[in-house]
Amino acid sequence: MKKEREIKIGKRKVGGSNPTFIVAEMSVNHKQSFRKAVEIIKAAASAGADAVKLQTFTPDTITLQSDKKWFRVGGVKNPKKWQEKTFHNLYKEAFMPWEWQPKLKKIAEREGLILFSTPFDVTAVDFLEKMKVSCYKIASYEATDSILLKKVASTGKPVILSVGFATREEINLAVSTLRKGGTKDIVLLYCLTSYAPTANPEGTNLRTMLDLKDRFQTIVGFSDNMGGIVAPALAAAMGASVIEKHFVLSHKDKTLDDRFSLDPREFKKMVDTIRTQEKLLGMVRYGPQTPEEKYNLRFRRSLFVVTDIKKGEKFTKKNIRSIRPADGLPTKFFAKILGKTAKKDIEEGTPLVWNFIVK
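(A) Layout of the packing of helix α11 (residues 230–238) against helix α12 (residues 264–281). One can describe the packing of α11 onto α12 by two numbers: an axis separation of 9 Å at closest approach and a directional angle of 20°. With respect to α12, the element α11 is oriented roughly parallel. Taken as a pair, α11 and α12 cross one another with a handedness that is right-handed. Residues Pro232, Ala233, Ala236 and Ala237 of α11 form the contact with α12, whose own contacting residues are Met270, Thr273, Ile274, Gln277 and Leu281. In terms of residue class, the contact of α11 with α12 is built from seven nonpolar, two polar and no charged.

Okay, structure coming up:
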């Protein structure tokens, strides 16, 4: 059997037969409160996350301060509180102060978590390099930003790339840009950028994740930008090596990303579901697995003496048969034994063994 590829993020092996790498995306759910950011990290650790992810940008590194029509968020399905905002105002409300991030990394590591981030421009990469993050995440909307991809690739660190609604050609360009630039280890995350409060079964198309794995020869995962745990749990069962899910302390916080985030209880339920699935999937093994299965082998059929047989009498279809339990010779020897002679008297109901047969 072909060995599944795996990579290393920090001290953690990801891919192959290793447990799913579960990432709690803090996103903007910190509400620009350092205390809340710390609480999210600790709650994510308690809920079973393996890593916590930040976003590294400022309003000025991600957009311009402009009121021109191009810079308005809009979107009929966006919350009303978003629609009239400019990009700059939205990101001003959402960004995390950079000076927090090294401190949060130390706190996360004390909690047993890997902390990494999504940079949104080259200055963010320089900043995160000083923090010595173990990998980089590329957001769906930046998957076509060749400038950023080349900068991240130059670090040589593993890259987790969300492909969002990118076309196959765009994904191919992104992957080739990373590889040519120095990235050896890539995880492609299939995801939907609908940011809906509930999953859309008809539009999720999780099989695309498996196609990414075959087509681009990478480890794959699922970044879930929808509410609920059904989609990420199914993705993990299908073979996602990485699951990323937005994490909020409480739905009462009413953050910008609350509607498609999980609170600690929901996140733990997702983690527990995935971990149970992993136990069920196990590994490739044949034969009896448990003590119960080993005991139940006796319910197989084998060759038994079914009428009294005298010494010197020949074995026939009338005096030996295939019946339960499995204490006699395997039935594959039935034809070989027919016509041979009994070495001794054998009582009905006795399992047939080689010592009873004249060779």
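There's plenty left to go through after this.
(B) Here's a closer look at the nonpolar core. Within the largest apolar cluster, 66 residues are counted, with the highest numbers of intra-cluster contacts made by Ile41, Leu104, Leu161, Leu188, Phe222 and Phe267. Per element, the largest residue contribution to this core is six residues, and it comes from helix α1 (residues 34–46). Counting residues in each nonpolar core, the second largest holds 14 residues, with Phe21, Ile114, Phe116 and Val242 among its members.

(C) Quick peek at helix α7 (residues 146–153). For α7, the complete set of buried residues consists of Leu148, Leu149, Val152 and Ala153. Viewed end-on, α7 has its buried residues packed into an arc of 130°, placing them on one side of the element. Turned more than 90 degrees from where α7 packs its buried face, Ile147 and Lys150 sit exposed. Residues of α7 that are buried in the fold lie against β5 (114–119), α6 (122–131), β6 (136–138), β7 (159–162) and α8 (168–181).

(D) Just the packing of aromatic side chains, in detail. Enumeration according to the criterion identifies 10 aromatic pairs in this entry. Where Phe247 meets Phe267, the ring centres are 5.1 Å apart and the plane angle is 70°; that geometry is what we call edge-to-face. Here Phe247, found in the loop between β10 (242–246) and α12, pairs with Phe267, found in helix α12; they are 20 residues apart in sequence, far enough to count as distant. The burial state of Phe247 is the same as that of Phe267; both residues are buried.

What counts, and at which threshold
- Residues numbered from 1 in each chain as written.
- Predicted model: local features only at pLDDT ≥ 70, side-chain atom pairs only at ≥ 80, totals over all residues.
- Heavy atoms only, no water.
- Axes fitted to C-alpha atoms, helices over the stretch in contact; angles between N-to-C directions.
- Helix = DSSP H or I, 4+ residues; strand = E, 2+ residues; numbered from the N terminus.
- Parallel < 35°, antiparallel > 145°, perpendicular 65-115°, else oblique.
- Left-handed = near helix turned anticlockwise from the far one by under 90°.
- Contact = heavy atoms within 4.5 Å.
- Nonpolar A, V, L, I, M, F, W, Y, C, P; charged D, E, K, R; others polar.
- Core = buried A, V, L, I, M, F, W, Y, C linked by side-chain atoms within 4.5 Å.
- Buried < 20%, exposed > 50% of the residue type's maximum accessible area, 1.4 Å probe, protein only.
- Arc of directions from axis to C-beta.
- Phe/Tyr/Trp six-rings, centres within 6.5 Å; stacked < 30°, edge-to-face > 60°.

Just geometry here; none of it tells us what the structure is for.
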